[in-house]
Amino acid sequence: MGLKEVSSDYTVSIHYDRRLYRQDVEGSTVHARMLAKQGIIEGSEADAIVNGLAQVRSEIERDEFPWRPELEDVHMNIERRLHELIGEPALRLHTARSRNDQVALDMRMYVKDAIDNLRGLLGTVRDALVSLAEEHRRVVMPGYTHVQRAQPVLFAHHMLAYFEMLGRDAARFAQARERADVMPLGSGALAGLPYPLDREWVAAELGFSRISANSMDAVSDRDFLLDFHAAASVCAMHLSRLAEELVLWSSDEFGFIRLSDDFTTGSSIMPQKRNPDFAEIARGKTGRVFGNLMALLTTLKGLPLTYNRDMQEDKEGFFDSEDTLTATLQVFAGMLRSMKLNEARMRDAAQSSYVLATDIADYLVAKGMPFREAYRVVASLSDYAVEQDRHFHELTLDEFRQFSDLFDEGVLEIDIDRSIGARDVPGGTSATRVDEAIVNARQELEVGNGV
Ligand code: ARG
């Protein structure tokens, strides 16, 4: 490769920014119509431009568009092709516009659409979580802290915890969309433009709620992308935590779930293996989503006002995070819908452990003992039971009474179902509260149309 080719390839972005073609065509169409409306170009010229752009779009969508790397980016490619198609009027399209406000516009439009799609997918995954909760309303499992069995909970309650997390993600994406929803056209290269533009009209036509307030900020602001990356990162982190649980739960050690064959792979050497590859890859992809946030922050940190070509580097990481999250959410929707629970095994894990220790302490508290003292009594009781390799329900009343004479028959009735039922505070794991939470979740999905 000669020096000439190396140096020209280096600045080319067409292989990735062609994804912006729809936004570019739409933005140019409205810009041309505004120019005519304001008497800056002729109505007939605007008509020619608008028709030509429709043709460009259709060529691109039919995969017949002659993409030319030597024209560097999507904006130059489309403008040049327009000129080939309609001639002279194309030369007027770039009046009162710069690629600097043009690319800012295209990215903002694209991000808004991308967020709408991601919010739709978040709704699908949240729906799958609620369905799991509904289908397994009364399934009991141990809840964990420190990956140690802690207290019995309903599996549905566990699923709805993720419903909450992904709900906050949907809200964060909505906030990022709000930031992107500012129309920058009219800023020109950096200082505004010496034409009587109707920026508000352009904003309304393109579905923006407001116009940018400062032309210098408008061409150099990529905060809306950072907001996207931040929301994407938190969301990827949540999905990674869920992935981790699915990996653990599908192991022989837990044996709580069986992932469908569509989301596992056999080992090439160990025939018995069903590896949870999809969950693992979802967990692994989190790194690149975080990385894309860091990459853009780093790209932007030393840039003086206003536009600098460095900003072209905002695109690949953004598209990558969009694609990664889109695919990951699709995988989760399928993986959650198709997984099978081993309810007996989950219940057994809760049963054959010491998860009722807190309930026994609470029982003593109900008899009048201060909680700290009850805690101490039950700690000794647990040591005793563990030493004998017996569970609480295998101890006799006499044995209980060796630790406190406040124990009576009632202590023998403490079991995991009562323990769960007793946690009847708002936000708690009792069946009543979880049923309520399911109703609320369903309502939330309906109101937000799943997003
Ligand atoms: N491809 C460029 C980008 O993505 C478009 C803007 C170019 N502007 C310029 N003044 N060279 O940032």
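Keep in mind that what you see is a predicted model, and the values were worked out from it rather than measured. (Residues numbered from 1 in each chain as written. Predicted model: local features only at pLDDT ≥ 70, side-chain atom pairs only at ≥ 80, totals over all residues. Heavy atoms only, no water.)

1. A word on the site of the ligand
Next, step 1: Around the ligand, the structure places Ser13, Asp73, His75, Arg99, Asn100, Val103, Tyr307, Gln312 and Lys315.
Next, step 2: The contact in question runs from a nitrogen atom of the ligand to an N or O atom on the side chain of glutamine 312, over 2.9 Å.
Next, step 3: Within the side chain of lysine 315, an N or O atom sits 2.5 Å from an oxygen atom of the ligand.
Next, step 4: Against a free-state accessible area of 340 Å², the protein chains account for coverage of 86% of the ligand.
Next, step 5: Considering each element in turn, the shell around the ligand owes the most residues, three residues, to helix α6 (residues 99–135).
Next, step 6: Partitioned by chemical class, the residues of the shell around the ligand number two nonpolar, four polar and three charged. (Near = heavy atom within 4 Å. Polar contact = N/O pair within 3.5 Å; in protein donor to acceptor, adjacent residues only side chain to side chain. Areas by Shrake-Rupley, 256 points an atom, 1.4 Å probe, with all protein chains shown as cover. Helix = DSSP H or I, 4+ residues; strand = E, 2+ residues; numbered from the N terminus. Nonpolar A, V, L, I, M, F, W, Y, C, P; charged D, E, K, R; others polar.)

2. Remarks on helix α5 (residues 74–86)
Next, step 1: Between its terminal C-alpha atoms α5 stretches 18 Å, which fits the 18 Å expected from 13 residues at 1.5 Å a residue.
Next, step 2: Among all positions of α5, only Val74, His75, Asn77, Ile78, Arg81 and Leu82 are buried. Burial along α5 is one-sided: seen end-on, the buried residues are contained in an arc of 165°.
Next, step 3: Structurally, the start of α5 carries an N-cap: the backbone nitrogen of histidine 75 is 3.3 Å from a side-chain oxygen of aspartate 73. (Expected span 1.5 Å × (residues − 1). Buried < 20%, exposed > 50% of the residue type's maximum accessible area, 1.4 Å probe, protein only. Arc of directions from axis to C-beta.)

3. Focus: the side chain of aspartate 314
Next, step 1: As for its placement among the helices and strands, aspartate 314 is situated in helix α12 (residues 314–338).
Next, step 2: There is a polar contact of 2.9 Å between the side chain of aspartate 314 and the side chain of arginine 222.
Next, step 3: Of the polar contacts made by the side chain of aspartate 314, one reaches the side chain of lysine 315; its length is 3.0 Å.
Next, step 4: Excluding anything up to four places from it in sequence, aspartate 314 contacts Met107, Arg222, Leu225 and Leu296. (Contact = heavy atoms within 4.5 Å.)

4. A short note on helix α3 (residues 21–37)
Next, step 1: Along its 17 residues, α3 runs 24 Å from first to last C-alpha, staying within 8% of the 24 Å computed at 1.5 Å per residue.
Next, step 2: Where burial is concerned, most of α3 is hidden: 12 out of the 17 residues are buried.
Next, step 3: For α3, the full list of buried residues reads Tyr21, Gln23, Asp24, Val25, Gly27, Ser28, Thr29, Val30, His31, Ala32, Met34 and Leu35.
Next, step 4: Phi for glycine 39, located one or two positions after α3, is positive at around 75°.

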